[in-house]
Amino acid sequence: GSARIAEEARERRAEAQRRHENARITDQIEQRRRKVRAQIDALEADLAADEAELRRSTELESDTRAQADADLVAMKKSRKL
């Protein structure tokens, strides 16, 4: 009887240790998940900033080209007069 009681107590302690270890690992995974999500968010923000810079640059280039074309047309008209 007492050997069985001692064995059951050991099994309960072992089970409690496994649950504790599983909880610890789960916490570590969740911490890592939050860290990775923050890194992804930062990378997405950097990418969005780069895309916005490209759009501004493209718009500026388009505006510059349009102005150059308008200047060329004006110069051709002034030479014909």
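Scroll up a little and you will see the structure.
Residues numbered from 1 in each chain as written. Predicted model: local features only at pLDDT ≥ 70, side-chain atom pairs only at ≥ 80, totals over all residues. Heavy atoms only, no water.

## Let's talk about the overall build of the protein chain
The condition that has to hold: Here a helix means four or more residues in a row that DSSP labels H or I, a strand means two or more in a row labelled E, and each is numbered from the N terminus. What the globule rule says is 2.2 Å times the number of residues to the power 0.38, and the radius of gyration is computed from C-alpha atoms. For every residue, the accessible area obtained with a 1.4 Å probe (protein chains only) is divided by the maximum for its type, and the residue is called buried under 20%, exposed over 50%, and partly exposed between those limits. Areas reported as accessible are Shrake-Rupley estimates using a 1.4 Å probe. Residue values count occlusion only from the protein chains shown. The sign given to each residue is positive for Lys and Arg and negative for Asp and Glu; His and the chain ends receive no count. A charged residue contributes its charge at one atom only: NZ of Lys, CZ of Arg, CG of Asp or CD of Glu.
Broken down by element type, the protein chain carries 1 helix and 0 strands. Its C-alpha atoms give the protein chain a radius of gyration of 35 Å, more than 25% over the compact-globule value 12 Å for 81 residues. In the protein chain, which comprises 81 residues, the proportion classed as buried is 2%. Accessible surface, the protein chain: about 7,600 Å² in total, of which carbon and sulfur atoms supply 54%. Both charge centroids of the protein chain, one from 19 positive and one from 18 negative side chains, sit 2 Å from each other.

## Remarks on the environment of Asn22
Looking at where Asn22 falls in the secondary structure, it is placed in helix H1 (residues 2–80). Accessibility expressed as a relative area gives 48% for Asn22, which makes it partly exposed. Distance from Asn22 to Ala38, taken between C-alpha atoms, is 24 Å for residues 16 residues apart in sequence.

## Considering the pattern of salt bridges
Working definition: two side chains of opposite charge can pair if their charged atoms are close together. Applied cut-off: For salt bridges, the criterion is a side-chain nitrogen of Lys or Arg within 4 Å of an Asp or Glu carboxyl oxygen.
According to the stated counting rule, one finds 8 salt bridges in the structure shown. For Arg19, the salt bridge identified is with Glu15, shortest N-O distance 3.7 Å. Taken together, the residues span about one helical turn, with Arg19 and Glu15 both in helix H1 at a distance of 4 residues. Between Arg24 and Glu21 there is a salt bridge, with the nearest N and O atoms lying 2.3 Å from each other. Taken as a pair, Arg24 and Glu21 lie in helix H1 at a separation of 3 residues, close to a single helical turn. Residue class for Glu21 comes out partly exposed when judged on its relative accessible area of 31%.

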